[in-house]
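Spelled out from the first residue to the last, the chains are:
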Amino acid sequence: MKTLFSGIQPSGELHLGNYLGAIRNWVDLQETYFCYLCIVDYHAITQSYEPKLMKQRVLEMATDVLACGVDPDKAVLFVQSHVPEHTELCWVFNAVAGFGDLSRMTQFKDKSARQPENVNVGVFDYPVLQAADILLYKAVAVPVGADQSQHLELTRRIARAFNHRFGKLFPEPDTVLSQTPKLLGLDGKAKMSKSLDNTLALAATDKQIRRSLARAATDPARVTREDKGDPDNCNLYTLHRFFSDEERQAWVRQGCTTADIGCVDCKNALADNVIDHLGDYRRRREDLLAHPEKVHDALQRGAEKARATARKTMEQVHKKLGLWA
Ligand code: TRP
(Lines give C-alpha, C1' and ligand atoms only; values in the text may rest on other atoms or scores of the structure.)
Protein backbone atom coordinates (compact mmCIF):
# COMPACT_ATOMS: atom_id res chain seq x y z
CA MET A 1 0.00 0.00 0.00
CA LYS A 2 1.21 3.49 -0.80
CA THR A 3 1.55 5.94 2.07
CA LEU A 4 -0.76 8.93 2.32
CA PHE A 5 -0.65 11.87 4.70
CA SER A 6 -3.27 14.45 5.42
CA GLY A 7 -3.73 17.06 8.11
CA ILE A 8 -6.67 18.96 9.48
CA GLN A 9 -6.75 21.97 11.76
CA PRO A 10 -8.33 21.39 15.18
CA SER A 11 -11.11 23.86 14.59
CA GLY A 12 -13.48 22.07 16.98
CA GLU A 13 -16.60 20.51 15.55
CA LEU A 14 -16.62 19.49 11.92
CA HIS A 15 -18.83 21.28 9.44
CA LEU A 16 -20.17 20.19 6.08
CA GLY A 17 -17.28 21.85 4.27
CA ASN A 18 -14.63 19.80 6.15
CA TYR A 19 -16.74 16.70 5.74
CA LEU A 20 -17.29 16.94 1.99
CA GLY A 21 -13.89 18.45 1.24
CA ALA A 22 -11.71 16.17 3.35
CA ILE A 23 -13.02 13.65 5.83
CA ARG A 24 -15.42 11.88 3.47
CA ASN A 25 -12.43 11.25 1.19
CA TRP A 26 -10.29 9.99 4.08
CA VAL A 27 -12.92 7.36 4.82
CA ASP A 28 -12.59 6.06 1.24
CA LEU A 29 -8.83 6.49 1.01
CA GLN A 30 -8.12 4.43 4.13
CA GLU A 31 -9.14 1.35 2.11
CA THR A 32 -6.49 1.82 -0.57
CA TYR A 33 -3.66 3.75 1.12
CA PHE A 34 -1.74 3.45 4.34
CA CYS A 35 -3.06 6.67 5.83
CA TYR A 36 -1.52 8.99 8.40
CA LEU A 37 -4.23 11.44 9.43
CA CYS A 38 -3.07 14.20 11.68
CA ILE A 39 -4.78 16.86 13.76
CA VAL A 40 -2.34 19.72 13.36
CA ASP A 41 -2.32 21.59 16.66
CA TYR A 42 1.20 22.96 16.19
CA HIS A 43 -0.01 24.64 13.01
CA ALA A 44 -3.02 26.02 14.86
CA ILE A 45 -0.98 27.90 17.45
CA THR A 46 0.30 30.26 14.76
CA GLN A 47 -3.16 31.83 14.76
CA SER A 48 -4.42 33.82 17.69
CA TYR A 49 -6.30 31.39 19.94
CA GLU A 50 -7.49 30.67 23.46
CA PRO A 51 -5.15 28.11 25.15
CA LYS A 52 -7.87 26.95 27.54
CA LEU A 53 -9.97 25.76 24.61
CA MET A 54 -7.34 23.99 22.51
CA LYS A 55 -7.55 20.55 24.11
CA GLN A 56 -11.30 20.56 23.66
CA ARG A 57 -10.99 21.58 20.02
CA VAL A 58 -8.58 18.72 19.33
CA LEU A 59 -10.82 16.18 21.08
CA GLU A 60 -13.94 17.37 19.30
CA MET A 61 -12.17 17.11 15.97
CA ALA A 62 -10.90 13.60 16.76
CA THR A 63 -14.37 12.53 17.90
CA ASP A 64 -15.96 13.85 14.73
CA VAL A 65 -13.34 12.31 12.44
CA LEU A 66 -13.86 8.90 14.06
CA ALA A 67 -17.64 9.34 13.96
CA CYS A 68 -17.42 9.99 10.21
CA GLY A 69 -15.97 6.52 9.77
CA VAL A 70 -12.19 6.87 9.95
CA ASP A 71 -11.17 3.53 11.43
CA PRO A 72 -8.21 3.63 13.85
CA ASP A 73 -7.43 0.01 12.99
CA LYS A 74 -6.92 0.98 9.36
CA ALA A 75 -5.60 4.53 9.46
CA VAL A 76 -3.14 6.13 11.87
CA LEU A 77 -5.07 9.00 13.45
CA PHE A 78 -2.99 11.16 15.76
CA VAL A 79 -2.27 14.61 17.15
CA GLN A 80 0.74 16.44 15.73
CA SER A 81 2.17 17.62 19.06
CA HIS A 82 2.22 14.01 20.31
CA VAL A 83 4.98 13.32 17.80
CA PRO A 84 7.75 15.85 18.45
CA GLU A 85 9.70 14.69 15.38
CA HIS A 86 7.40 16.93 13.30
CA THR A 87 8.98 20.05 14.74
CA GLU A 88 12.44 18.50 14.66
CA LEU A 89 12.23 17.80 10.93
CA CYS A 90 10.73 21.25 10.41
CA TRP A 91 13.91 22.77 11.80
CA VAL A 92 16.05 20.69 9.50
CA PHE A 93 13.92 21.77 6.54
CA ASN A 94 14.34 25.38 7.60
CA ALA A 95 17.94 24.93 6.55
CA VAL A 96 16.97 23.99 2.97
CA ALA A 97 13.73 25.94 2.39
CA GLY A 98 14.10 29.15 0.40
CA PHE A 99 13.17 32.42 2.04
CA GLY A 100 12.03 33.72 -1.34
CA ASP A 101 9.80 30.68 -1.90
CA LEU A 102 8.11 31.16 1.46
CA SER A 103 7.60 34.87 0.85
CA ARG A 104 5.56 34.02 -2.24
CA MET A 105 3.03 31.81 -0.42
CA THR A 106 -0.40 33.36 -0.94
CA GLN A 107 -1.70 31.87 2.33
CA PHE A 108 1.08 33.65 4.20
CA LYS A 109 0.05 36.93 2.63
CA ASP A 110 -3.64 36.31 3.34
CA LYS A 111 -3.07 35.29 6.94
CA SER A 112 -0.75 38.20 7.64
CA ALA A 113 -3.39 40.54 6.29
CA ARG A 114 -6.04 38.87 8.45
CA GLN A 115 -4.07 39.11 11.70
CA PRO A 116 -1.74 42.11 11.22
CA GLU A 117 -1.28 42.34 14.98
CA ASN A 118 0.21 38.84 15.09
CA VAL A 119 2.40 38.16 12.05
CA ASN A 120 4.63 35.68 13.86
CA VAL A 121 7.45 33.66 12.31
CA GLY A 122 5.27 30.54 12.64
CA VAL A 123 2.80 31.94 10.11
CA PHE A 124 5.72 32.34 7.71
CA ASP A 125 7.15 28.90 8.48
CA TYR A 126 3.77 27.15 8.41
CA PRO A 127 4.34 25.45 5.02
CA VAL A 128 7.74 24.13 6.15
CA LEU A 129 6.09 22.37 9.10
CA GLN A 130 3.54 21.05 6.64
CA ALA A 131 6.36 19.65 4.48
CA ALA A 132 7.81 18.02 7.59
CA ASP A 133 4.42 16.46 8.41
CA ILE A 134 4.25 14.80 5.04
CA LEU A 135 7.87 13.80 4.49
CA LEU A 136 8.40 12.43 8.00
CA TYR A 137 6.30 9.47 6.82
CA LYS A 138 7.66 9.58 3.25
CA ALA A 139 4.09 9.93 2.08
CA VAL A 140 3.64 9.88 -1.70
CA ALA A 141 0.01 11.05 -1.75
CA VAL A 142 -1.54 14.05 -0.06
CA PRO A 143 -5.26 14.73 -0.41
CA VAL A 144 -5.92 18.44 -0.07
CA GLY A 145 -8.16 21.14 -1.44
CA ALA A 146 -6.97 23.36 -4.25
CA ASP A 147 -6.03 26.07 -1.75
CA GLN A 148 -3.15 23.86 -0.58
CA SER A 149 -1.58 23.22 -3.99
CA GLN A 150 1.07 25.86 -3.48
CA HIS A 151 2.11 24.34 -0.15
CA LEU A 152 2.39 20.94 -1.80
CA GLU A 153 4.57 22.33 -4.56
CA LEU A 154 6.80 23.78 -1.84
CA THR A 155 6.92 20.37 -0.13
CA ARG A 156 8.24 18.87 -3.35
CA ARG A 157 10.84 21.61 -3.66
CA ILE A 158 11.98 21.00 -0.11
CA ALA A 159 12.24 17.24 -0.73
CA ARG A 160 14.27 17.93 -3.86
CA ALA A 161 16.53 20.43 -2.14
CA PHE A 162 17.20 18.07 0.77
CA ASN A 163 17.87 15.10 -1.51
CA HIS A 164 20.16 17.18 -3.69
CA ARG A 165 22.23 18.51 -0.83
CA PHE A 166 22.34 15.53 1.55
CA GLY A 167 21.53 12.48 -0.59
CA LYS A 168 18.27 10.89 -1.64
CA LEU A 169 15.88 10.23 1.21
CA PHE A 170 12.47 11.76 0.49
CA PRO A 171 9.88 11.13 -2.24
CA GLU A 172 8.21 14.03 -4.01
CA PRO A 173 4.58 13.55 -3.00
CA ASP A 174 1.65 13.97 -5.37
CA THR A 175 -1.40 16.03 -4.63
CA VAL A 176 -4.65 14.07 -4.64
CA LEU A 177 -7.18 16.80 -5.32
CA SER A 178 -10.53 16.10 -3.74
CA GLN A 179 -13.46 15.54 -6.07
CA THR A 180 -15.59 18.04 -4.21
CA PRO A 181 -16.42 21.16 -6.17
CA LYS A 182 -15.90 24.24 -4.12
CA LEU A 183 -18.56 24.41 -1.44
CA LEU A 184 -19.40 27.90 -0.33
CA GLY A 185 -20.70 28.78 3.08
CA LEU A 186 -24.43 29.09 3.70
CA ASP A 187 -24.11 32.79 2.92
CA GLY A 188 -23.22 31.76 -0.64
CA LYS A 189 -20.31 34.22 -0.59
CA ALA A 190 -17.10 32.76 0.79
CA LYS A 191 -15.66 29.29 1.39
CA MET A 192 -17.40 27.51 4.27
CA SER A 193 -15.28 28.32 7.28
CA LYS A 194 -15.81 28.42 11.00
CA SER A 195 -14.18 31.83 11.32
CA LEU A 196 -16.71 33.27 8.87
CA ASP A 197 -19.68 31.83 10.75
CA ASN A 198 -21.28 30.48 7.60
CA THR A 199 -21.07 26.75 8.32
CA LEU A 200 -23.45 23.92 9.01
CA ALA A 201 -22.05 21.78 11.83
CA LEU A 202 -22.33 18.03 11.29
CA ALA A 203 -23.46 17.67 14.87
CA ALA A 204 -26.33 20.12 14.47
CA THR A 205 -29.77 18.89 15.52
CA ASP A 206 -32.45 18.18 12.93
CA LYS A 207 -34.10 21.44 13.84
CA GLN A 208 -30.87 23.42 13.46
CA ILE A 209 -30.15 21.78 10.11
CA ARG A 210 -33.61 22.70 8.84
CA ARG A 211 -33.32 26.22 10.16
CA SER A 212 -29.81 26.82 8.75
CA LEU A 213 -30.75 25.48 5.33
CA ALA A 214 -33.94 27.51 5.32
CA ARG A 215 -31.83 30.65 5.69
CA ALA A 216 -29.13 29.63 3.23
CA ALA A 217 -28.46 31.60 0.06
CA THR A 218 -29.63 30.11 -3.26
CA ASP A 219 -29.33 31.24 -6.87
CA PRO A 220 -29.04 35.02 -6.38
CA ALA A 221 -30.88 35.63 -9.64
CA ARG A 222 -33.98 33.86 -8.33
CA VAL A 223 -35.59 36.59 -6.32
CA THR A 224 -39.31 35.72 -6.29
CA ARG A 225 -41.11 32.39 -6.22
CA GLU A 226 -42.10 32.89 -9.87
CA ASP A 227 -38.52 33.41 -11.10
CA LYS A 228 -36.91 30.43 -12.73
CA GLY A 229 -33.69 29.34 -11.10
CA ASP A 230 -30.38 27.95 -12.29
CA PRO A 231 -29.22 24.97 -10.19
CA ASP A 232 -25.69 25.34 -11.54
CA ASN A 233 -25.57 28.75 -9.98
CA CYS A 234 -27.01 27.62 -6.65
CA ASN A 235 -24.79 26.70 -3.74
CA LEU A 236 -27.45 24.41 -2.30
CA TYR A 237 -27.63 22.38 -5.48
CA THR A 238 -23.98 21.51 -4.84
CA LEU A 239 -25.23 19.92 -1.62
CA HIS A 240 -28.01 18.05 -3.42
CA ARG A 241 -25.33 16.49 -5.60
CA PHE A 242 -23.90 14.85 -2.49
CA PHE A 243 -26.87 14.10 -0.38
CA SER A 244 -29.68 13.37 -2.83
CA ASP A 245 -30.12 10.49 -5.25
CA GLU A 246 -30.28 11.08 -9.00
CA GLU A 247 -34.03 11.05 -9.10
CA ARG A 248 -34.22 13.75 -6.45
CA GLN A 249 -31.57 15.81 -8.23
CA ALA A 250 -33.51 15.56 -11.49
CA TRP A 251 -36.64 16.68 -9.63
CA VAL A 252 -34.82 19.73 -8.30
CA ARG A 253 -33.29 20.62 -11.65
CA GLN A 254 -36.58 20.28 -13.48
CA GLY A 255 -38.62 22.07 -10.81
CA CYS A 256 -36.14 24.89 -10.27
CA THR A 257 -35.56 25.70 -13.94
CA THR A 258 -39.32 25.82 -14.59
CA ALA A 259 -40.26 27.43 -11.26
CA ASP A 260 -42.50 24.43 -10.55
CA ILE A 261 -40.89 24.20 -7.14
CA GLY A 262 -39.68 27.02 -4.95
CA CYS A 263 -36.46 27.26 -2.97
CA VAL A 264 -38.39 26.22 0.13
CA ASP A 265 -39.38 22.88 -1.43
CA CYS A 266 -35.84 22.32 -2.58
CA LYS A 267 -34.46 23.11 0.86
CA ASN A 268 -36.91 20.82 2.65
CA ALA A 269 -35.95 17.93 0.41
CA LEU A 270 -32.29 18.68 1.02
CA ALA A 271 -32.72 18.84 4.79
CA ASP A 272 -34.45 15.42 4.78
CA ASN A 273 -31.58 13.88 2.88
CA VAL A 274 -28.81 15.54 4.87
CA ILE A 275 -30.40 14.34 8.11
CA ASP A 276 -30.81 10.85 6.70
CA HIS A 277 -27.20 10.74 5.44
CA LEU A 278 -25.79 11.78 8.81
CA GLY A 279 -27.59 9.00 10.71
CA ASP A 280 -24.57 6.68 11.03
CA TYR A 281 -22.30 9.56 11.91
CA ARG A 282 -24.64 10.63 14.70
CA ARG A 283 -24.99 7.17 16.18
CA ARG A 284 -21.20 6.74 16.28
CA ARG A 285 -20.75 10.22 17.72
CA GLU A 286 -23.23 9.57 20.52
CA ASP A 287 -21.33 6.42 21.39
CA LEU A 288 -17.96 8.23 21.41
CA LEU A 289 -19.30 11.08 23.52
CA ALA A 290 -20.55 8.52 26.03
CA HIS A 291 -17.15 6.74 25.94
CA PRO A 292 -14.47 9.40 25.52
CA GLU A 293 -11.85 6.82 26.49
CA LYS A 294 -12.33 5.32 23.02
CA VAL A 295 -11.16 8.58 21.47
CA HIS A 296 -8.19 8.88 23.84
CA ASP A 297 -7.24 5.30 23.17
CA ALA A 298 -7.38 5.77 19.39
CA LEU A 299 -5.20 8.90 19.58
CA GLN A 300 -2.69 7.22 21.85
CA ARG A 301 -2.35 4.18 19.61
CA GLY A 302 -2.10 6.49 16.62
CA ALA A 303 0.70 8.52 18.20
CA GLU A 304 2.66 5.38 19.06
CA LYS A 305 2.46 4.08 15.50
CA ALA A 306 3.32 7.46 14.03
CA ARG A 307 6.29 7.91 16.36
CA ALA A 308 7.78 4.56 15.44
CA THR A 309 7.95 5.64 11.79
CA ALA A 310 8.96 9.19 12.64
CA ARG A 311 11.93 8.02 14.73
CA LYS A 312 13.23 5.86 11.91
CA THR A 313 13.08 8.73 9.46
CA MET A 314 14.83 11.08 11.88
CA GLU A 315 17.64 8.55 12.37
CA GLN A 316 18.16 8.55 8.62
CA VAL A 317 18.01 12.34 8.54
CA HIS A 318 20.62 12.65 11.28
CA LYS A 319 22.94 10.35 9.35
CA LYS A 320 22.47 12.26 6.11
CA LEU A 321 23.15 15.55 7.85
CA GLY A 322 26.38 14.20 9.28
CA LEU A 323 25.40 15.14 12.80
CA TRP A 324 26.91 13.74 15.93
CA ALA A 325 23.94 11.34 16.35
N1 TRP B 1 -2.52 23.36 5.92
C2 TRP B 1 -3.57 22.37 5.91
C3 TRP B 1 -4.91 23.10 5.95
O4 TRP B 1 -5.01 24.17 6.49
C5 TRP B 1 -3.48 21.44 7.10
C6 TRP B 1 -2.24 20.61 7.04
C7 TRP B 1 -1.18 20.67 7.86
C8 TRP B 1 -1.96 19.60 6.08
N9 TRP B 1 -0.25 19.75 7.52
C10 TRP B 1 -0.69 19.08 6.44
C11 TRP B 1 -2.66 19.09 4.99
C12 TRP B 1 -0.10 18.08 5.69
C13 TRP B 1 -2.05 18.08 4.24
C14 TRP B 1 -0.79 17.58 4.59
O15 TRP B 1 -5.88 22.56 5.47
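Residues numbered from 1 in each chain as written. Predicted model: local features only at pLDDT ≥ 70, side-chain atom pairs only at ≥ 80, totals over all residues. Heavy atoms only, no water.

Attention shifts here to the packing of aromatic side chains. One pass over the full model with this rule turns up 11 aromatic pairs. With centroids separated by 5.5 Å and ring planes inclined at 75°, the aromatic side chains of phenylalanine 93 and phenylalanine 170 adopt a geometry described as edge-to-face. Within this pair, whereas phenylalanine 93 is found in helix α4 (residues 85-94), its partner phenylalanine 170 is found in the loop between α8 (149-166) and β5 (174-177), the two being separated by 77 residues in sequence. In this pair, the class of phenylalanine 93 matches that of phenylalanine 170, namely buried. Relative to phenylalanine 170, the ring of phenylalanine 162 has its centre 5.1 Å away and its plane inclined at 70°; by these criteria the two rings are edge-to-face. The class for phenylalanine 162 is buried, based on a relative accessible area of 0%. Accessibility expressed as a relative area gives 0% for phenylalanine 170, which makes it buried. An aromatic cluster is built from Phe5, Phe34, Tyr36, Phe78 and Tyr137, whose rings are joined through pairwise contacts. Note that lysine 111 overlies the ring of tyrosine 126, its terminal NZ or CZ placed 3.5 Å from the centroid. The ring of tryptophan 251 carries the charged tip of arginine 248 above its face, separated from the ring centre by 4.6 Å. (Phe/Tyr/Trp six-rings, centres within 6.5 Å; stacked < 30°, edge-to-face > 60°. Helix = DSSP H or I, 4+ residues; strand = E, 2+ residues; numbered from the N terminus. Buried < 20%, exposed > 50% of the residue type's maximum accessible area, 1.4 Å probe, protein only. Lys NZ or Arg CZ within 6 Å of the ring centre and 35° of its normal.)

The environment of the ligand is formed by Phe5, Gly7, Gln9, Val40, His43, Tyr126, Gln130, Asp133, Ile134, Val142, Val144 and Gln148. Tyrosine 126 has a polar side-chain atom sitting 2.7 Å from a nitrogen atom of the ligand. In this structure, a nitrogen atom belonging to the ligand sits 2.7 Å away from a side-chain N or O atom of aspartate 133. Relative to its free-state accessible area of 360 Å², the ligand is covered by the protein chains to the extent of 87%. Elements that contribute at least two residues to the shell around the ligand include exactly β1 (2-8), α7 (121-136) and β4 (141-144). The greatest single-element share of the shell around the ligand, amounting to 4 residues, is contributed by α7. Looking at the shell around the ligand, its residues break down into 6 nonpolar, 5 polar and 1 charged. (Near = heavy atom within 4 Å. Polar contact = N/O pair within 3.5 Å; in protein donor to acceptor, adjacent residues only side chain to side chain. Areas by Shrake-Rupley, 256 points an atom, 1.4 Å probe, with all protein chains shown as cover. Nonpolar A, V, L, I, M, F, W, Y, C, P; charged D, E, K, R; others polar.)

Bringing the pattern of salt bridges into the picture now. Tallied over the full model, the rule gives 19 salt bridges. For glutamate 153, the salt bridge goes to arginine 156, with nearest N and O atoms at 3.0 Å. With a gap of 3 residues between them, glutamate 153 and arginine 156 both fall in helix α8, about one helical turn apart. The exposure class assigned to glutamate 153 is partly exposed, which follows from its relative accessible area of 35%. A residue is classified by how much of its surface remains accessible, and arginine 156, at 15% relative accessible area, is buried. When salt bridges with common partners are traced through the structure, they connect Glu153, Arg156, Arg160 and Glu172 into a single cluster. (Salt bridge = Lys/Arg side-chain N within 4 Å of Asp/Glu carboxyl O.)

Another aspect to go through is α8. For α8, spanning 18 residues, the distance from its first C-alpha to its last is 26 Å, which sits close to the expected 26 Å at 1.5 Å a residue. Among the residues of α8, those classed as buried are His151, Leu152, Leu154, Thr155, Arg156, Ile158, Ala159, Phe162, Asn163 and Phe166. (Expected span 1.5 Å × (residues − 1).)

It is worth spelling out the nonpolar core at this point. What tends to happen in soluble globular proteins is that the nonpolar side chains get buried as a cluster. Counting residues in hydrophobic clusters, the biggest one holds 55 residues, and the most contacted among them are Leu213 and Leu239. Not counting chain neighbours up to four residues away, the residues in contact with leucine 239 comprise Leu16, Leu20, Leu183, Leu213 and Leu270. Phe5, Tyr36, Leu129 and Leu169 belong to the second-largest nonpolar core, a separate cluster that totals 42 residues. (Core = buried A, V, L, I, M, F, W, Y, C linked by side-chain atoms within 4.5 Å. Contact = heavy atoms within 4.5 Å.)

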